[in-house]
Amino acid sequence: MTREMKPDYGQVYLLPPALEDWVDKEHPARFVRDFVDSLDLRGLGFRGRRSPDGRPSYSDDLVLKIWIFGYFNDIRSSRKLERACREMMGFLWLTGLLTPDHNTLWRFFNRYADAIQSVFVETVTLAAEAGILGMSVHAVDGTKIRSRCSKDGAISKKQLLKALTDEEKRIAEYMEDVARAEEEEEGQYRLPDELTDAETRKKWIKERLEKLRSEKTESEQPTEPDARKMKDKGSFHYGYNAQAVVDVDSGLIVASDVSNDQNDAHQLGHMARQAKQNLGSNAGELLADTGYATLPEIGELFEEGANVTVDLPRRLMARCGDSEFHASHFSYHEDDDVVICPEGKQLEFSCQKDERHGRYQVRVYRCRHSKNCARKSQCCKGKSARTIEISPHHKALEAQRRKNQDPDRRRAFRQLRARVETLFGQTKANREFRRFSAWGLNNARTQWTLMCTTENLRKLHRVWAIQTAGTV
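Residues numbered from 1 in each chain as written. Predicted model: local features only at pLDDT ≥ 70, side-chain atom pairs only at ≥ 80, totals over all residues. Heavy atoms only, no water.

### A closer look at the layout of surface pockets
In this model, the largest pocket occupies a volume close to 840 Å³. Considering the residues around the largest pocket, the lining is formed by 34 residues, among which R315, L316, A327, I388 and E389 are closest to the centre. Looking at the lining of the largest pocket, the elements with two or more residues in it are β9 (331-333), α12 (376-379), β13 (387-390) and α13 (394-405). Classifying every residue of the lining of the largest pocket by side-chain character gives 15 nonpolar, eleven polar and eight charged. (1 Å grid on protein atoms, 1.4 Å probe; cavity = no way out; pocket = protein on both sides within 12 Å on 5 of 7 lines; lining within 4 Å. Points joined across faces, edges and corners; volume = space filled by probe spheres on them. Helix = DSSP H or I, 4+ residues; strand = E, 2+ residues; numbered from the N terminus. Nonpolar A, V, L, I, M, F, W, Y, C, P; charged D, E, K, R; others polar.)

Right, dumping it as structure tokens:
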């Protein structure tokens, strides 16, 4: 007959349990320890701290192991990490029963932002050396993640302009009262204290407006000035734009960054170059969605020899059902310096002007045959002759159009792009990382780097665990 098993709280061990036996051979804590111990921390920028006064400092490798293992287990608060070092078996084993407090952990986080970025690069190098990382196709994408601040207390340009008008009106009323008092009373009239306060408020409002104009944004959250108003699924919130380049074959992240740009328009070149720097060379192909379709970015990468495929928007690439006189159906002949329309007629050079955002100049070619063209109504809008703009990046644009016209390539493009979108879904849903918990852009970048580092380590751990099990 069996009996129930109950703990014997009064049991005394003749020999204490060995710390080494507390976790099994394939435990992630062992993998994290081996990974950090293999790093040249000094070379990566970890300086350590030695002082003749006070208690000894915790080593950099110990605190780094805690942060990495914490993010590995989705524990991202310094206070929760402190508690985990006292209570959770994996942390007890990893730290050797040492218990840094949350202030120590947070100071390390702030001090070594650049070094933590270097640790992420080491995961990419490790994967490449292990032969896990592919170099055929990479995909880049971004996702909006909320900042620590909320929408409450935010200041918009519209609100500031209204407040400035109110203050100017209030000051004008005070000045009328002053002028009236000087006419009716003898002696000098003292300026009201309220007027001085109004001038101070007016000065502060003007400073805020100038700041918004210089940063080309419509609103600001004073508690976290780095955060920007982001649109996400029909609503707005203050947050950051987290970027990642993912290897399609393995799902490993090869480049990561965080910006406060409200869209992906200027991220393609930066992310492609970062991936090349981390890996030593470009991948066979880099995929990007419509949000990255910015001609200067595409043109620069084309000149650098990177094979990039961007899903072009309708304004740059005709889709099914679009007019046969879409701009993409006009061909540019550089040798003759003319543009040929679908009807075979020439458009001659007319002038140069700034493109719509003022980033570069375009050459404008105008049709001289529109008066006698039977299809003018289908080609032109209104009475004006048809014009075509040719940018300095036209060769890169034509190369993208040829790629976008291949139906097999487009089907493969959609399937491969799902790999990077899956990463963001897992990050927000499974790992519950929907909001940065640290203030400011630099801290948000460090948090995202740790997320990407541990995402790579999770995949590498599975390989390491199989290899470890095979050697037992």
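### Overview of the side chain of T453
Mapped onto the elements of the fold, T453 is located in helix α15 (residues 441-471). Judged by relative accessible area, T453 falls into the buried class, the value being 1%. A distance of 2.7 Å separates the side chain of T453 from the backbone oxygen of T449, its partner in a polar contact. Apart from residues no more than four positions distant in its own chain, T453 is found in contact with V119, F120 and T123. (Buried < 20%, exposed > 50% of the residue type's maximum accessible area, 1.4 Å probe, protein only. Polar contact = N/O pair within 3.5 Å; in protein donor to acceptor, adjacent residues only side chain to side chain. Contact = heavy atoms within 4.5 Å.)

### Here we look at the sheet that holds β13
As summarised here, the arrangement of the five strands in space is β9-β10-β11-β12-β13, forming an open sheet in which the pairing is antiparallel. Two strands bound the open sheet, and with one partner strand each, they are β9 and β13. Within the sheet, the average angular offset between the axes of one strand and its neighbour, ignoring direction, is 40 degrees. By the bridge criterion, four bridges tie strand β12 (residues 361-367) to β13 in an arrangement that is antiparallel. Bridged to R363 within β13 is I390. (Pairing = 2+ DSSP bridges. Axes fitted to C-alpha atoms, helices over the stretch in contact; angles between N-to-C directions.)

### Here we look at a positive patch on the surface
A cluster of like positive charges, contributed by R47, R49, R107 and R111, occupies part of the molecular surface. With respect to the helices, strands and loops of the structure, R47 is situated in the loop between α2 (41-44) and α3 (60-72). (Patch = residues over 30% accessible without salt bridge, like charges linked within 9 Å, V, L, I, M, F, W, Y side chains within 5 Å. Areas by Shrake-Rupley, 256 points an atom, 1.4 Å probe, with all protein chains shown as cover. Salt bridge = Lys/Arg side-chain N within 4 Å of Asp/Glu carboxyl O. Lys, Arg positive; Asp, Glu negative; His and termini not counted. Charge placed at Lys NZ, Arg CZ, Asp CG, Glu CD.)

### Remarks on the pairing of strand β5 (residues 235-247)
Here β5 lies mainly inside the structure; eleven of its 13 residues are buried. Pairing analysis gives nine bridges linking strand β1 (residues 137-146) to β5, with the strands arranged antiparallel. Note on β5: the bridge partner recorded for V140 is V245. Where strand β4 (residues 228-232) and β5 come together, five bridges link them in antiparallel fashion. Residue pairing in the sheet places K231 in a bridge with F236 of β5. Here β4 hands over to β5 after two residues, with K233 in that stretch at a positive phi of 55 degrees.

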